[in-house]
Amino acid sequence: KTQALFVYLLLENQHPHDRGALAELLWPEQPEGSARNSLRQSLHLLRQILKPIAAVADCLKLTRDTVHFELNEHCWVDSLTLTESYQTCLTHTHNDIRQCAGCISHLEEAVALYNGEFLPEFIVGDSNPFEGWQTSQRYSYQQQVIHALFTLASHFEAYDLDLAYRYAQKLTALDGVDEKGQEMSLRILARQGQRGAAMTQFEAYRQELSRSFGLAPAAALQTLMNQIRLNQWSPQPAPLHPDHLFV
């Protein structure tokens, strides 16, 4: 629970947290008094763990009622940096992010920081509220990276097909049944003249979609695949999908 508390305070560092709320987050099954005592014990342990690193230990601010982890220049958190890079692109003004060199650089940084699912095997027993927060964070980071990968693949499709395909493959690895990611991968393979690889990938996608959801690929995707199979597809500008690209 101490590790869970530290992770939560690190990522939710924008404001102080009420001790009662933290106790309820991590010890929801205990009576209030016992939960608060468990929180005090975890905070004491956390202070002891951080004590050898004075600059970081100073970030932990405790009052009678609140707990706050104030990040300083000695703290660096990969998840927070990922989100910061992503959010920078959301707030930047541009006509098409695929043509914005600064935003492309930020998205490359965000993707490089993503090493997989957030806390993949981290389980906190008897704490549904924390597990709910953990699931929400996991989904948020994954969606940020999915959007970033789609945008990067769209950008590099015009400049570097090999790099574009690597980003597209990372995208389909994160969400194997995402139609737009599959469309992009097929289109890039067709641009590279790899019709056989495109057909193999489409068939794997078709089988997975059928097995997992009992569905068939969308008509537009089937049309694209038929054009590629018959060598009748001609490269077109990459479409702008509002759900996947920043605008």
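In the block above lies the structure referred to throughout.
Okay, so let's go over this structure. Since the structure is predicted, the reported quantities are computational estimates derived from the model, not experimental observations.

## Here's the deal with the overall build of the chain
And then number 1: Each helix and strand in the chain was counted, giving 11 helices and 3 strands.
And then number 2: Along its sequence from the N terminus, the chain presents helices and strands in the succession α-β-α-α-α-β-β-α-α-α-α-α-α-α.
And then number 3: Taking 247 residues into account, the globule formula puts the C-alpha radius of gyration at 18 Å, and the chain, at 23 Å, lies well above it.
And then number 4: Within the chain, contacts between residues at least 6 apart in sequence are counted, and of these 63% link residues at least 24 apart.
And then number 5: Of the roughly 13300 Å² that the chain leaves accessible, carbon and sulfur atoms contribute 49%.
And then number 6: Averaging the coordinates of the 19 positive side-chain charges in the chain and doing the same for the 28 negative ones gives two points 2 Å apart.

## Focus: the packing of aromatic side chains
And then number 1: Per the stated rule, a full pass over the model turns up 7 aromatic pairs.
And then number 2: Relative to Trp133, the ring of Phe118 has its centre 6.1 Å away and its plane inclined at 80°; by these criteria the two rings are edge-to-face. In this pair, Phe118 sits in the loop between helix H6 (101-113) and helix H7 (128-156) while Trp133 sits in helix H7, placing the two residues 15 residues apart along the sequence.
And then number 3: Residues Phe156 and Tyr167 carry aromatic rings whose centres are separated by 5.9 Å and whose planes lie at 25° to one another, so their mutual orientation is stacked. Of this pair, Phe156 sits in helix H7 while Tyr167 is found in helix H8 (residues 161-174), placing the two residues 11 residues apart along the sequence.
And then number 4: Here the aromatic cluster, defined as three or more aromatic residues joined through ring pairs, consists of Tyr8, Phe118, Phe122, Phe130, Trp133 and Tyr141.

## With respect to the sheet that holds strand S1 (residues 17-18)
And then number 1: Taken in spatial order, the 3 strands make up an open sheet running S1-S3-S2, and their pairing is antiparallel. Looking along the sheet, the strands with just one partner apiece sit at the ends: S1 and strand S2 (60-62).
And then number 2: Where S2 meets strand S3 (residues 66-69), 3 bridges bridge the pair, whose relative direction is antiparallel. Opposite Leu62, over in S3, you have Val67 as the bridge partner.
And then number 3: The strands touched by helix H3 (residues 32-50) within the sheet are S2 and S3, with S2 carrying the most contacts at an inclination of about 145°.

## A look at the pairing of S3
And then number 1: Looking at chain direction, S1 and S3 are connected through 2 bridges and run antiparallel. Note that in S3 the partner of His17 across the bridge is Val67.
And then number 2: Hairpin connection from S2 to S3: 3 residues lie between these consecutive antiparallel strands.

## Brief notes about the nonpolar core
A general trend in soluble globular proteins is that nonpolar side chains are found buried together.
And then number 1: Among the nonpolar cores identified, the biggest contains 70 residues, and Leu9, Phe69, Phe130, Tyr167, Leu186 and Ile228 are the most heavily contacted of them.
And then number 2: Of the residues forming this core, the biggest block, 11 residues, is contributed by H7.
And then number 3: Sequence-distant contacts of Phe69, defined by excluding residues within four places in its chain, comprise Phe6, Leu9, Leu10, Asn13, Leu50, Val56, Cys59, Leu60 and Cys75.

## Let's talk about helix H11 (residues 219-229)
And then number 1: Among the residues of H11, Leu221, Leu224, Met225 and Ile228 are the ones counted as buried. Down the axis of H11, the smallest arc covering the buried residues is 95°, so these residues share one side.
And then number 2: Buried-residue contacts for H11 involve helix H9 (179-191) and helix H10 (195-213).
And then number 3: Once H11 finishes, Asn231 follows within two positions and takes phi at roughly 60°, a positive value.

## So, the side chain of His68
And then number 1: Within the fold, His68 resides in strand S3.
And then number 2: Polar side-chain contacts of His68 include one of 2.8 Å to the backbone oxygen of Asn13.
And then number 3: Not counting residues within four places of it along the chain, the set of residues in contact with His68 comprises Asn13, Gln14, His15, Pro16, Cys59, Leu60 and Lys61.

## A word on the side chain of Asn13
And then number 1: Structurally, Asn13 is set in the loop between helix H1 (2-11) and S1.
And then number 2: Residue classification places Asn13 among the buried residues on the basis of a relative accessible area of 18%.
And then number 3: Reaching out from Asn13, the side chain makes a polar contact with the backbone oxygen of Leu10 at a distance of 2.6 Å.
And then number 4: When neighbours within four sequence positions are excluded, Asn13 is seen to be in contact with His68, Phe69, Leu71 and Leu80.

## Quick look at the packing of helix H5 (residues 78-91) against H6
And then number 1: Two elements in contact, H5 and H6, have axes whose closest approach is 8 Å; the angle formed by their N-to-C orientations is 155°. In terms of their interaxial angle, H5 and H6 are classed as roughly antiparallel. For the crossing formed where H5 meets H6, the hand is left-handed. For the pair formed by H5 and H6, the contact residues are Asp78, Thr81, Leu82, Ser85, Tyr86, Thr88 and Cys89 on the first element and Cys103, His106, Leu107, Glu109, Ala110 and Leu113 on the second.
And then number 2: Partitioned by chemical class, the residues of the contact of H5 with H6 number 7 nonpolar, 4 polar and 2 charged.

So, how was this worked out
- Residue positions are given per chain, counted from 1 along the sequence in the order it is written.
- In keeping with the predicted nature of the model, local features appear solely for residues at pLDDT of at least 70, side-chain atom pairs appear and are counted solely at 80 or more, and the whole-chain, interface and lining totals rest on all residues.
- Side-chain measures here rest on the full set of heavy atoms in the structure, leaving out hydrogens and waters.
- Where helices and strands are cited, they refer to DSSP runs of H or I of at least four residues and of E of at least two residues respectively, numbered from the N terminus.
- Radius of gyration here is computed from C-alpha atoms only, and the compact-globule reference equals 2.2 Å multiplied by the residue count raised to the power 0.38.
- Throughout, a contact is declared for two residues whenever any of their heavy atoms are within 4.5 Å.
- For every accessible area listed, the method is Shrake-Rupley and the probe measures 1.4 Å; residues are considered covered only by the protein chains on display.
- All tallies of charge rest on Lys and Arg as positive and Asp and Glu as negative; His and the ends of each chain are not included.
- Where a charge lies is defined by one atom per residue type, namely NZ (Lys), CZ (Arg), CG (Asp) and CD (Glu).
- Any two rings among Phe, Tyr and Trp, with Trp reduced to its six-membered ring, count as a pair given centres within 6.5 Å; such a pair is stacked if its planes are under 30 degrees apart, edge-to-face if over 60, and tilted if neither.
- Any two strands are treated as partners once DSSP identifies two or more bridges connecting them.
- Structural elements are reduced to axes, namely lines fitted to C-alpha atoms, with helices fitted over the stretch in contact, and the angle between N-to-C directions of any two is expressed from 0 to 180 degrees.
- In this text, buried Ala, Val, Leu, Ile, Met, Phe, Trp, Tyr and Cys residues form a nonpolar core when linked through side-chain atoms within 4.5 Å.
- Here the term buried applies to any residue with accessible area under 20% of the maximum for its type, exposed to any over 50%, and partly exposed to those in between, with areas from a 1.4 Å probe on protein chains only.
- The directions considered for the arc run from the helix axis to the C-beta atoms.
- In protein, a polar contact means a hydrogen-donor-capable atom and an acceptor-capable atom, both N or O and within 3.5 Å, with residues adjacent in sequence counting only if both atoms are side-chain atoms; elsewhere, any N or O pair within 3.5 Å suffices.
- Geometric relationships in this document are graded by angle, where less than 35 degrees denotes roughly parallel, more than 145 denotes roughly antiparallel, 65 to 115 denotes roughly perpendicular, and other angles denote oblique.
- In this scheme, a crossing is called left-handed if the near helix is turned counterclockwise away from the far one by less than a right angle; it is called right-handed if the turn is clockwise.
- Ten residue types, Ala, Val, Leu, Ile, Met, Phe, Trp, Tyr, Cys and Pro, are classed as nonpolar, four, Asp, Glu, Lys and Arg, as charged, and the remainder, Gly among them, as polar.

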